[in-house]
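# Secondary and tertiary structure notes
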Amino acid sequence: MVRGRKPIPTAVNKVMGQVRSNRMPPNDPTIGIRRVFGLPLAPPTYLDDYAADEWQRTWESLWDAGIVTHVDVGALAIYCQLHARWRRAEEAIQEIAKENPENGGLVLVTTNGNIVQNPLVGIANSSMRDAIRYGAEFGLTPSSR
């Protein structure tokens, strides 16, 4: 197992302006794939509406930058679906907050009168955390760029 930082893809180095001919991999695999598949993809049919919106927002920019290829469809679809799950959970929390504005939808009161965290908060947090991790793989966060 290689230690240290993960290598930065050549396409990301090009976007960042850090291309050095002596440090370029001799056989960059993305070059051949981009020649075979010339057009960007439409969102996969299994994505829901919010995930398809996120796909449209990210795919073309990443494709134009040369960061993604057709082999990255699965990983980007997972990122988009996580983003959609986070968005739906946040919208549901906001709906609950309208009914009970004192706690902002973050907690629920049980039938015994106990206060517990709204399960949607956990769903939103875990989806957000995982989406950030997947997004970082594509350079979608400032620190990963």
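Everything discussed here concerns the structure shown above.
Here is a short report on the structure shown in this document. Within each chain, residue numbers correspond to sequence positions counted from 1 in written order. In keeping with the predicted nature of the model, local features appear solely for residues at pLDDT of at least 70, side-chain atom pairs appear and are counted solely at 80 or more, and the whole-chain, interface and lining totals rest on all residues. Each side-chain value is worked out from all heavy atoms of the structure, with water and hydrogens disregarded.

## Concerning the overall build of the protein
Short version of the rule: Note on conventions: DSSP H or I runs of at least 4 residues are helices, E runs of at least 2 residues are strands, and numbering of each starts at the N terminus. For every residue, the accessible area obtained with a 1.4 Å probe (protein chains only) is divided by the maximum for its type, and the residue is called buried under 20%, exposed over 50%, and partly exposed between those limits. Note on contacts: a residue pair is in contact if any heavy atoms of the two residues lie within 4.5 Å. Here, Shrake-Rupley sampling with a 1.4 Å probe gives the accessible areas, and only protein chains in the shown set may cover a residue.
Per the secondary structure count, the protein includes five helices and two strands. For the protein, the N- to C-terminal ordering of α and β elements is α-α-α-α-β-β-α. Taken over 145 residues, the protein has a buried fraction of 29%. Put simply, of all contacts in the protein between residues at least 6 apart along the chain, 57% involve residues at least 24 apart. Summing over all exposed atoms, the protein offers an accessible surface of approximately 10,000 Å²; the carbon and sulfur share of this is 55%.

## Details of the packing of helix H4 (residues 73–99) against helix H5 (residues 119–137)
Threshold: Axis definition: a line fitted to C-alpha atoms, limited for helices to the stretch in contact. Angles are taken between N-to-C directions and run from 0 to 180 degrees. Orientation is classified from the angle alone, with under 35 degrees giving roughly parallel, over 145 giving roughly antiparallel, 65 to 115 giving roughly perpendicular, and any other angle giving oblique. Less than a right angle of anticlockwise turn of the near helix away from the far helix marks a crossing as left-handed, whereas a clockwise turn marks it as right-handed. Residues were grouped as follows: Ala, Val, Leu, Ile, Met, Phe, Trp, Tyr, Cys and Pro as nonpolar; Asp, Glu, Lys and Arg as charged; and all remaining residues, including Gly, as polar.
Where H4 contacts H5, the axes come no closer than 8 Å and their chain directions differ by 150 degrees. In terms of axis orientation, H4 runs roughly antiparallel to H5. Helix-helix and strand crossings are classified by hand; for H4 and H5 the assignment is left-handed. Across from Ala75, Ile78, Tyr79, Leu82, His83, Arg85, Trp86, Ala89, Glu90, Ala92, Ile93 and Ile96 in H4, the residues of H5 making contact are Leu120, Val121, Ile123, Ala124, Ser127, Met128, Asp130, Ala131, Tyr134 and Gly135. Here the residues of the contact of H4 with H5 sort into 16 nonpolar, three polar and three charged.

## Overview of the nonpolar core
The following threshold applies: In this text, buried Ala, Val, Leu, Ile, Met, Phe, Trp, Tyr and Cys residues form a nonpolar core when linked through side-chain atoms within 4.5 Å.
The biggest cluster of nonpolar side chains holds 17 residues, and the ones touching the most others in it are Leu47, Trp55, Trp59, Val68, Leu76 and Cys80. The greatest single-element share of this core, amounting to seven residues, is contributed by H4. If near-sequence neighbours (up to four positions away) are discounted, Leu76 is found in contact with Trp55, Thr58, Trp59, Leu62 and Phe138.

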